[in-house]
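Tertiary structure, described
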Amino acid sequence: MTTTRRTRDADLMELVRGVDPLEGDVHPATDAAAEALLREILAVPRPEHSPGTRRSRTVAVRLAAVGGAAAVSLVAITAITGEDRGGVVPASAAVVRHALAAAAQPPGTILHVDMRGTQNNGDGTSITWRDESWQGSGAADDRRQVETNPDGTTAESANVGDTEQVYDPATNTIYASTTTANSAKPEAQRNYRISPGPTANTYVVRLMVFRVAPGHGYRIVPGRGQKYRLVVTASQAKALKDRSAMIKWVRAPRSAATLNGYRPAVVPARAAAASPDCSDFGSQDYGDQILTMLRSCGAHLVGNATIAGRDTLELRSQDGHITYYVDTSSYAPVQLDTTGTDGGTSLRFTKYELLPGSDANEALLSLTAQHPSATVDRNQADYVAAEKRLFPNG
Amino acid sequence: MAGPADAHDRDVRAAERFEELFRRHHRAVAAYARRRAQGDTSDDVVASTFLVAWRRLGEVPADSLPWLLAVARNVIATQQRGSRRRGALRQRLERADGSASPSAAEESAGRVAAALGRLPETDREAITLIAWEGLRPGEAATVLGQSPAAFRVRLHRAKRRLRRELDRAGQADPHPQHPSVVKEIAP
């Protein structure tokens, strides 16, 4: 009897499914429209919650029409019971939420960034560079970038899946690595020697790095391989000795002082393991830097500023080491300034836009699509030679 | 005592949690609203639903979709009370029976839709939450504000009423030639 009942139930429910008004229908709201709605809601102040009195209230909120199906006019919500003690989230927090939403990259989109960087080395010298990149957000996270060096030369490279590619315009050749790039990022290091430094209250940390496969990263091996010298303060040296700090390889602008685009930095051990270090802000890339600053570094609104003729809102980290400027209308990144013990870095974004994941835009991630007439060379030795030639500084 | 930094961190964590909630369930809530809301008001229902979730984030349970759909259901009910209109879904379902010169399949579907439209709203909601939204009975119970046991009883009765309506329309079963569907199997 149970069998019969189940069969009849299943058929009945199948009949009902057959009259689903949305059967075979795709929701018309685009991802962009949903993103716009998300941003609008995040901009609405939340009441602070407390176990105190409850009362009903009427809330009328205008969710601005952003476009397409997400255009939402006046929305009146009646009789929403909330726990409200009258507190209002500071405007600063709303700006931070806006900025977070504007900097985040939704799945299925391509982030196009054109950025000019300046690094002051703290000794009166500085280096500048330009980096234009297209970053996918799918499973493969493919990326293509064109780096313009201080001397005006450009170098184009891409990450396709687990492999790296570089493009040499002189030979119209794409050199593709045949090994994976997963080991390209040197991780935290605990093996080093500390000795008195060149000036008072300084120490020298000598690292030993061993290049496992040229062009494919570094492995830290004590006592052998390439030496790397890092000057630190007395307090940093003390922290390294008592293990409250550690050496971590962080992304840095390519220069003679970097290894494969990384440099060693002294970071608090706990921060390196569990949370970002906002006092020595040399993390992976500008996208991570921005999100980390907004999420974890006590970012707050300072005021308005004009950057390269653009009206911006100025946000600053709690320790004051990071200043981030966003467009007053779109909250898109305009400039990210970080200062540290050894100078500072300023990244100015002339373009920071999300592109939909169409076939035409996916092609922006690919060197072969951008250079269809180029020869593809998959010889590992040729790739290594090309990388050395095109990226002489590492 | 919590300082400004704590409040800030709490605020940012809330934003992250809400963003995850929104991305995970936006399509399901939008589909629910489109099936039931009047005309082009489904976008308003979705916006209102997530706005409530944002303001009451601390009350949103871990199994959040039923909670969101319950809010959406209340928002739609408020809309319909305000406009003194019957439910869009019911209107749509009732209209399905009156199409001109339908094919056999359309006629069959039209009768199912019409039978569904004649059910009391709570019965129809019990069935469609399972069939259209793909919820489990326990989740559908949350949407309707009922205990799982009470919901099972309601669902059972709702199906019985729907069968009765279909019987009246000569559509009691999609495969009347199949004996296992028509007759009870003796234990």
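Here, residues in each chain are numbered from 1, in the same order as that chain's written sequence. Just so you know, chain letters begin at A and ligand numbers begin at 1, following the order they were written in. In keeping with the model being predicted, local features are shown solely for residues with a pLDDT of at least 70 and side-chain atom pairs are shown and tallied solely at 80 or more, while totals for entire chains, interfaces and linings include all residues.

As for the overall build of chain B
Quick note on the threshold: Numbering of helices and strands runs from the N terminus; a helix is a DSSP stretch of H or I covering at least four residues, while a strand is a stretch of E covering at least two. A residue is called partly exposed when the number of other C-beta atoms within 10 Å of its own lies between 12 and 20, exposed at 12 or fewer, and buried at 20 or more, with C-beta atoms placed from the backbone.
For chain B, the count of helices and strands is nine helices and zero strands. Along the chain direction, N to C, the helices and strands of chain B fall in the order α-α-α-α-α-α-α-α-α. When each of the 187 residues of chain B is scored for burial, the buried share is 41%.

Regarding the overall build of chain A
Our working definition: We call two residues in contact when the distance between their C-beta atoms, placed using the backbone, is within 7 Å.
When you go through chain A residue by residue, the secondary structure sums to nine helices and 20 strands. Classification of the 394 residues of chain A by burial places 33% in the buried group. Relative to all contacts within chain A whose residues are 6 or more apart in sequence, the contacts with residues 24 or more apart total 55%.

A look at the confidence of the model for chain A
All names here are of chain A. Which entries qualify depends on this criterion: pLDDT gives the predictor's per-residue confidence on a scale running from 0 to 100.
With 62% of its residues at a pLDDT of 70 or more, chain A shows a mean pLDDT of 69. In the predicted structure, residues 180-189 sits below a pLDDT of 50 and forms 32 contacts with residues beyond four places in sequence or in another chain. Taken together, the stretch residues 271-275 has pLDDT below 50 and engages in eight contacts with residues farther than four places along the chain or on a different chain.

A few points about the nonpolar core
Here is the rule: Definition of nonpolar core: a set of buried Ala, Val, Leu, Ile, Met, Phe, Trp, Tyr and Cys residues joined via C-beta atoms within 7 Å. These domain limits were set by an automatic method or by a database of domain assignments.
Ala99 and Tyr324 of chain A together with Ala72 and Val112 of chain B are the most contacted members of the largest nonpolar core, which totals 83 residues. Two domains each put at least three residues into this core: domain 1 (7-99) and domain 2 (108-187) of chain B. If near-sequence neighbours (up to four positions away) are discounted, alanine 99 of chain A is found in contact with Leu294, Leu315, Val326 and Tyr331 of chain A.

What to know about the pairing of strand E15 (residues 300-307) of chain A
Residues and elements named next belong to chain A. The condition that has to hold: We call two strands paired when DSSP finds no fewer than two bridges between them.
Of the strand pairs in this sheet, E15 and strand E16 (residues 310-316) are connected by seven bridges, and their pairing is antiparallel. Within E16, the position partnered with glycine 303 by the bridge is glutamate 314. Hairpin connection of E15 to E16: two residues between the antiparallel strands, including alanine 308 at a positive phi of 50°.

Some remarks on the environment of alanine 113 of chain B
All names here are of chain B. Along the chain, alanine 113 turns up in helix H5 (residues 104-118). Under the C-beta neighbour-count criterion, alanine 113 is labelled buried, with 24 such atoms within 10 Å. Remark: the alpha-carbon pair of alanine 113 and leucine 166, spanning 53 residues in sequence, is separated by 9.7 Å.

Some points on the packing of helix H6 (residues 121-131) of chain B against helix H7 (residues 137-144) of chain B
All names here are of chain B. For clarity, the cut-off: Axis lines are fitted through C-alpha atoms, for helices just across the contact stretch, and the angle between N-to-C directions can take any value from 0 to 180 degrees. Each angle is binned into one of four classes, with values under 35 degrees roughly parallel, values over 145 roughly antiparallel, values of 65 to 115 roughly perpendicular, and all other values oblique. Note: crossing handedness is left-handed where the near helix turns anticlockwise from the far helix by less than a right angle, and right-handed where it turns clockwise. The nonpolar class holds Ala, Val, Leu, Ile, Met, Phe, Trp, Tyr, Cys and Pro. Asp, Glu, Lys and Arg form the charged class, and all remaining residues, Gly among them, are polar.
Running from N to C, H6 and H7 point in directions that differ by 140°, and their axes come no closer than 9 Å. With respect to each other, H6 and H7 are oriented oblique. H6 and H7 meet at a crossing whose hand is right-handed. Contacts between H6 and H7 pair Thr122, Glu125, Ala126, Leu129 and Ile130 from the former with Pro137, Ala140, Val143 and Leu144 from the latter. When the residues that make up the contact of H6 with H7 are grouped by side-chain class, the tally is seven nonpolar, one polar and one charged.

Focus on unusual backbone geometry
Phi is mostly negative for residues that are not glycine, and the peptide bonds are mostly trans. Residue and element names in this part refer to chain A. Its identity as a non-glycine residue notwithstanding, alanine 308 has a phi of 50°, on the positive side. The topology assignment puts alanine 308 in the loop between E15 and E16. Despite not being glycine, tyrosine 331 shows a phi value in the positive range, around 65°. Note on placement: tyrosine 331 falls in the loop between strand E17 (322-327) and strand E18 (333-340). Residue tyrosine 331 is classed as buried on the basis of its C-beta count, with 22 C-beta atoms lying within 10 Å.

Thoughts on H7 of chain B
Burial in H7 of chain B covers these residues: Ala140, Ala141, Thr142 and Val143 of chain B. Glycine 145 of chain B sits one or two residues past H7 of chain B and shows a positive phi near 70°.

Observations regarding the packing of H7 of chain B against helix H8 (residues 148-168) of chain B
Residue and element names in this part refer to chain B. It is the contact of H7 with H8, at a shortest axis distance of 9 Å, that shows an interaxial angle of 95°. What the angle tells us is that H7 and H8 run roughly perpendicular. Facing Pro137, Gly138, Ala140, Ala141 and Leu144 of H7, the residues of H8 in contact are Pro148, Phe151, Arg152 and Leu155. The residue inventory of the contact of H7 with H8, partitioned by class, reads seven nonpolar, one polar and one charged.

A closer look at helix H9 (residues 380-390) of chain A
Residue and element names in this part refer to chain A. Which entries qualify depends on this criterion: Directions pointing from the helix axis toward each C-beta atom define the arc.
Residues of H9 that are buried include every one of Tyr383, Ala386, Glu387 and Leu390, and no others. Buried residues in H9, looked at end-on, bunch into an arc of 100°, giving them a common side. Exposed and facing more than 90 degrees away from the buried side of H9 are Ala381 and Lys388.

What about the confidence of the model for chain B?
Residue and element names in this part refer to chain B. Residues at a pLDDT of 70 or more form 71% of chain B, whose mean pLDDT is 76. Ranking the elements of chain B by mean pLDDT puts helix H9 (residues 179-182) last, at 28, and H6 first, at 90. Every residue in residues 171-187 is under pLDDT 50, and counting partners more than four places away or in other chains gives 27 contacts. In the predicted complex, the global pTM is 0.45; the interface-specific ipTM is 0.75.

Description of the environment of threonine 49 of chain B
All names here are of chain B. On the secondary structure map, threonine 49 appears in helix H2 (residues 42-55). Residue class for threonine 49 comes out buried when judged on the 27 C-beta atoms lying within 10 Å of it. Separated by 23 residues in sequence, threonine 49 and alanine 72 place their C-alpha atoms 5.3 Å apart. For threonine 49, the contacting residues outside a window of four places in its chain are Val29, Leu68, Val71, Ala72 and Val75.

Observations regarding the environment of aspartate 131 of chain A
Residues and elements named next belong to chain A. Topologically, aspartate 131 is positioned in strand E4 (residues 126-136). Residue class for aspartate 131 comes out partly exposed when judged on the 18 C-beta atoms lying within 10 Å of it. When the C-alpha atoms of aspartate 131 and leucine 347 are compared, they prove to be 9.9 Å apart, with 216 residues separating the residues in sequence. Those residues in contact with aspartate 131 that sit more than four places away from it in its chain are Met115, Gly117, Gln145 and Glu147.

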